[in-house]
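Examination of the molecular architecture
The residues making up each chain are set out below.
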Amino acid sequence: MELSDTQIIERTLDGEPEAFSMLVRRWERQIYCLTLRMLGRDEEAKDATQETFLSAYRNLSKFRGEAKFSSWIYRIALNVCNTKLRSRSKSTISLDEQRETTGFELAADTNDLSEGIQQEQVAGHVRRALNGLPSEMRQVIIMKEYEGLKFSEIAEILGIPISTVKTRMYTGLNELRKRLEHLRAAV
């Protein structure tokens, strides 16, 4: 029988530190995916994932069990990501500047491009546009669309009302739509 997160936490706090590795194995993939989507860089996401679990282990005695462990660990991961994002350069560039920097422009005739390459390029534009959103919108979109969390779960993780989660989600999606408008004609 598989132990619950709460049972594993109790075992860890009762002096069985190797029990915590069960939580790491259970949650590391989801946390890594979240940090990668938030940060957009593999090495930085790996570091953020490791920092998340180190912080969780150090603060495990503070976990009160009022929320699910998944909500608590997601919150820690988001805090780690937000700290890393704040430490990055504050400069933001427009999509036009991004196109100039990357030299990428979708061809009007998509028959010249293989479907796989085109999808990769579009996904890259979506990632860059998503990374250009304010953090509070980006994290809601990532948790809802990529992690598959419910609005209620996101609200619990972030400690905000469901209505605020929905507002951030829809405002963020509208902003993404605007940022990606140039792809519509090209695709």
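So, a few notes on the structure that sits alongside this text. Predicted model only: the values in this text are computed from it and were never measured. All chains use their own residue numbering, which begins from 1 and follows the written sequence. Where local features are concerned, this predicted model is filtered to residues with pLDDT of at least 70; where side-chain atom pairs are given and counted, the filter is 80 or more; whole-chain, interface and lining totals use all residues. Working from all heavy atoms in the structure, the side-chain values ignore hydrogens and water.

**Describing the nonpolar core**
For this analysis, a nonpolar core means a set of buried residues of the types Ala, Val, Leu, Ile, Met, Phe, Trp, Tyr and Cys, connected via side-chain atoms within 4.5 Å. Exposure is judged per residue with a 1.4 Å probe applied to protein chains only, and the accessible area is read against the type maximum: over 50% gives exposed, under 20% gives buried, and values in between give partly exposed. One finds Leu 34, Met 38, Phe 69, Met 143 and Leu 158 to be the most contacted residues of the largest nonpolar core, which totals 43 residues. Every element with two or more residues in this core is listed here: helix H1 (5-13), helix H2 (20-39), helix H3 (42-58), helix H4 (69-87), helix H6 (115-131), helix H7 (135-146), helix H8 (151-158) and helix H9 (162-179). Setting aside residues no more than four positions away along its own chain, Phe 69 makes contact with Asp 5, Ile 9, Leu 23, Trp 27, Leu 60 and Phe 63. For the purposes of this entry, the term helix denotes a DSSP run of H or I that reaches at least four residues, the term strand denotes a run of E that reaches at least two, and both are numbered from the N terminus. Any two residues having at least one pair of non-hydrogen atoms within 4.5 Å are treated as being in contact.

**With respect to the packing of H2 against H4**
Working convention: axes come from line fits to C-alpha atoms, limited for helices to the stretch in contact. Angles between N-to-C directions cover 0 to 180 degrees. Relative to each other, H2 and H4 sit at 35°, their axes nearing to 10 Å. You can see that H2 and H4 cross each other, and the crossing is right-handed. Facing Leu 23, Trp 27, Gln 30, Ile 31, Leu 34, Thr 35, Met 38 and Leu 39 of H2, the residues of H4 in contact are Phe 69, Ser 70, Ile 73, Tyr 74, Ala 77, Leu 78, Cys 81, Asn 82, Lys 84 and Leu 85. Each residue is assigned to one class: nonpolar for Ala, Val, Leu, Ile, Met, Phe, Trp, Tyr, Cys and Pro, charged for Asp, Glu, Lys and Arg, and polar for all the others, Gly among them. When grouped by side-chain class, the residues that make up the contact of H2 with H4 number 13 nonpolar, four polar and one charged. By definition, turning the near helix anticlockwise from the far helix through less than a right angle yields a left-handed crossing, and turning it clockwise yields a right-handed one.

**Things to note about the packing of aromatic side chains**
Here a ring pair, both rings aromatic, is described through the centre-centre distance and the interplanar angle of the planes. Only Phe, Tyr and Trp rings are paired, with Trp represented by its six-membered ring, and only when their centres lie within 6.5 Å; those with planes under 30 degrees apart are stacked, over 60 edge-to-face, the remainder tilted. Inspection of the entire model under this criterion finds six aromatic pairs. Measuring from centroid to centroid gives 5.1 Å for Phe 63 and Trp 72, while their planes differ by 55°, and the two rings are tilted. You'll find Phe 63 and Trp 72 in the same group, each marked buried. Plain terms: the ring middles of Phe 69 and Trp 72 are 5.8 Å apart, the flat faces sit at 50° to each other, and that makes the pair tilted. With Phe 69 and Trp 72 both in helix H4 and three residues apart, this pair spans about one turn of that helix. An aromatic cluster is present here, built from Trp 27, Phe 63, Phe 69 and Trp 72 joined pairwise through their rings. For a Lys NZ or an Arg CZ to count as sitting over a ring, it must be within 6 Å of the ring centre and within 35 degrees of the ring normal. The ring of Phe 151 has Lys 144 sitting right over it, with the charged end atom 4.7 Å from the ring centre.

**Some points on H4**
Multiplying one less than the number of residues by 1.5 Å gives the expected span of a helix. With 19 residues, H4 ought to run about 27 Å at 1.5 Å a step, and its terminal C-alpha atoms sit 27 Å apart, in line with that. Of all 19 residues making up H4, 14 are buried, and the element is well covered by its neighbours.

**Here we look at H8**
Every buried residue belonging to H8 is among Phe 151, Ile 154, Ala 155, Ile 157 and Leu 158, and all of these are buried. Down the axis of H8, the buried side of the element spans an arc of 165°, and every buried residue falls inside it. Close packing links the buried residues of H8 with H4, H7 and H9. Among the residues trailing H8, Gly 159 stands out with phi positive, at a value near 70°. It is the directions from the helix axis to the C-beta atoms whose arc is reported.

**Regarding the packing of H2 against H7**
Two elements in contact, H2 and H7, have axes whose closest approach is 10 Å; the angle formed by their N-to-C orientations is 140°. By the angle between their axes, H2 is oblique relative to H7. Crossing angle aside, the handedness with which H2 passes H7 is right-handed. Note on element contacts: H7 touches H2 through Ser 135, Arg 138, Gln 139, Ile 142, Met 143 and Tyr 146, opposite Leu 34, Arg 37 and Met 38. Its residues assigned to classes, the contact of H2 with H7 comprises five nonpolar, two polar and two charged. Comment on the angle field: the value is read as roughly parallel under 35 degrees, roughly antiparallel over 145, roughly perpendicular from 65 to 115, and oblique elsewhere.

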